[in-house]
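Structural description and commentary
For reference, the chains in residue letters:
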Number of protein chains: 2
Amino acid sequence: MLPPWRSLLSSALHRNRSEPHSRYFQLATVTPEGYPSNRTVVFRGFLEDDHSSLKIITDIRSAKIQDIERQAIGEICWYFTKTREQFRIQGVLRLVKAQDEDADLLKARKITWHNLSDAARSQFAWADPGQPATGEGKKDAETRRHGDGENGNPTQNFVNPPAIDKSAFDVEPPDPNLPLDTFCLLLLVPQKVDHLQLRGDPQQRCIYQLQTDTAWSSQLVNP
Amino acid sequence: MLPPWRSLLSSALHRNRSEPHSRYFQLATVTPEGYPSNRTVVFRGFLEDDHSSLKIITDIRSAKIQDIERQAIGEICWYFTKTREQFRIQGVLRLVKAQDEDADLLKARKITWHNLSDAARSQFAWADPGQPATGEGKKDAETRRHGDGENGNPTQNFVNPPAIDKSAFDVEPPDPNLPLDTFCLLLLVPQKVDHLQLRGDPQQRCIYQLQTDTAWSSQLVNP
């Protein structure tokens, strides 16, 4: 049996399908230092096994990996602009890397890789994300400073940043049947869902919580 | 002197102005239990004093208040759908309540309140947000359970949730010159900005960091 919020989320996806950005949401994690971290990621569908875990993909070199390995809890904020409704989905994060021991999840990783576009797969062969861009000359590659008088015209550095080395991003599309080691499937297994509908008078808000393995409670709350 | 990322953000706001949701972003905080929390909030402009702190409003009865009083660090994720660019803005959160001792910030709070619509101001007179809706009958008000066989047809409860008591939300618009005590101005004072542009070949990403009170560094990094 599907969780009670699941059909609402499917309905929102359907009713907002004309807007490509309706498949993007924001994933918050906590850094090893205890600070909040927040980024936009793409919804890659529900896990085939349970039809309710949300699939995300990430590069194992991404900073969020450290967050998740330290604390595997995340909260998704998913705002649908057309129907004006928000789902806040808190859950357990599960990384599925190339070395995973769960055969079913490895299969899900492979399927997810296969379903990506060439462009999306190619990103996993790109230069190390988040690292200083290597296309900058040695001098330029140093951290530039603004507003402290070290540069004659610091703003100009910013307006015309040096181009990064395109060759590090101009790669052959990887084999659709062979996920790169940098490719990581990331699952969010929902535990709590806070659904807010801004349309309506008054707004409507309902909180769903996982009570046991499969049983969910629901509670209508004030918006 | 404005921070180097500031004109980029203004430009994004301008170029996405046709889409009302371009003034919404997701704010992540950390709960007292150490979990990530994430919600959509509305951008209320920059603080008049420094032109770079971001103004948000919140109800003092909102759950995020506890997060912020425990740890005043937040990260905004702001994705602009039209220009396909993202700003991740980490910074210090500052709550400005009715009892604040900073006269300038109290003035900013008053101005922000004054600039709201009647509808937005009225929300601060609504019933306690996040609390169980009182319009439910006693029996219905109990947390409903799904999928554990306790109810004959739990799904039906969900499809037709009891209406909440409208009278708790049908209030007279508050005085535009007198902020309610529940009204809180929330500032995010940026310390780090991660700007990603998905358009372009390859994508472009630059990280700005506050070095001293007014000096920012910038570093082009791999997307």
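Everything discussed here concerns the structure shown above.
Residues numbered from 1 in each chain as written. Chains lettered and ligands numbered in written order. Predicted model: local features only at pLDDT ≥ 70, side-chain atom pairs only at ≥ 80, totals over all residues. Heavy atoms only, no water.

**Things to note about empty space enclosed by the protein**
The condition that has to hold: Lining residues are those with an atom within 4 Å of a point, where the points come from a 1 Å grid over the protein atoms alone and group into cavities, where a 1.4 Å probe fits but cannot get out, or pockets, open sets with protein on both sides within 12 Å along at least five of seven lines. Grid points are joined across faces, edges and corners, and a volume is the space filled by probe spheres set on the points. Put simply, DSSP H or I for four residues or longer makes a helix, DSSP E for two residues or longer makes a strand, and each gets a number counted from the N terminus. Three classes are used, and their members are as follows: Ala, Val, Leu, Ile, Met, Phe, Trp, Tyr, Cys and Pro are nonpolar, Asp, Glu, Lys and Arg are charged, and the others, Gly among them, are polar.
Following the criterion strictly, the structure yields 2 cavities of 30 Å³ or more and no others. Considered as a void within the structure, the largest cavity measures approximately 190 Å³ in volume. Residue lining of the largest cavity: 16 residues in total, with Gln-26, Tyr-79 and Thr-81 of chain A together with Gln-26 and Tyr-79 of chain B positioned closest to the centre. Elements with a contribution of two residues or more to the lining of the largest cavity: β1 (24–30) and β4 (73–80) of chain A together with β1 (24–30) and β4 (73–80) of chain B. By residue class, the composition of the lining of the largest cavity is 9 nonpolar, 7 polar and no charged.

**A short note on helix α1 (residues 6–15) of chain A**
Residues and elements named next belong to chain A. Cut-off, in case you're wondering: Buried, partly exposed and exposed residues are distinguished by accessible area as a fraction of the type maximum, computed with a 1.4 Å probe on protein chains only: under 20%, between the cut-offs, and over 50%, respectively. Think of the arc as the fan of directions from the helix axis to the C-beta atoms. By definition in these notes, contact holds between two residues if any of their heavy atoms fall within 4.5 Å.
Buried residues of α1: Arg-6, Leu-9, Ala-12 and Leu-13, and no others. Down the axis of α1, the smallest arc covering the buried residues is 125°, so these residues share one side. Elements in contact with the buried residues of α1: β4 and β5 (85–96).

**Remarks on the pairing of strand β3 (residues 54–59) of chain A**
All names here are of chain A. The following threshold applies: Whether two strands pair depends on DSSP finding at least two bridges between them.
Most of β3 sits out of view: 6 of its 6 residues are buried. Side chains of β3 alternate between two faces, with Leu-54, Ile-56 and Thr-58 and Lys-55, Ile-57 and Asp-59 buried alike. One ladder, built from 6 bridges, connects β3 with strand β7 (residues 183–197); its direction is antiparallel. Paired with Thr-58 across the strands is Cys-184, a residue of β7.

**A few points about the interface of chain B and chain A**
The condition that has to hold: By buried area we mean the combined loss of accessible area, with a 1.4 Å probe, across both parts when two parts are placed together. The salt bridge definition used is simple: a Lys or Arg side-chain nitrogen within 4 Å of an Asp or Glu carboxyl oxygen. Throughout this description, a polar contact denotes any pair of N or O atoms lying within 3.5 Å of each other; where both atoms belong to protein, one of them has to be capable of donating a hydrogen while the other can accept it, and for residues adjacent in sequence the pair is counted only when both atoms sit in side chains.
Contacts between the two partners involve 72 residues from chain B, matched on the other side by 73 residues from chain A. Interface area, chain B with chain A, both sides summed: about 6100 Å², of which 56% is carbon and sulfur. When the area that chain B buries against chain A is broken down by residue, the three leading residues are Pro-36, Asn-38 and Asn-222 of chain B, summing to 12%. Taken together, the connections running from chain B to chain A amount to 0 salt bridges. At the boundary of chain B and chain A, one finds 21 residue pairs in polar contact (both at pLDDT 80 or more).

None of the figures reported here should be taken as evidence of function without further support.
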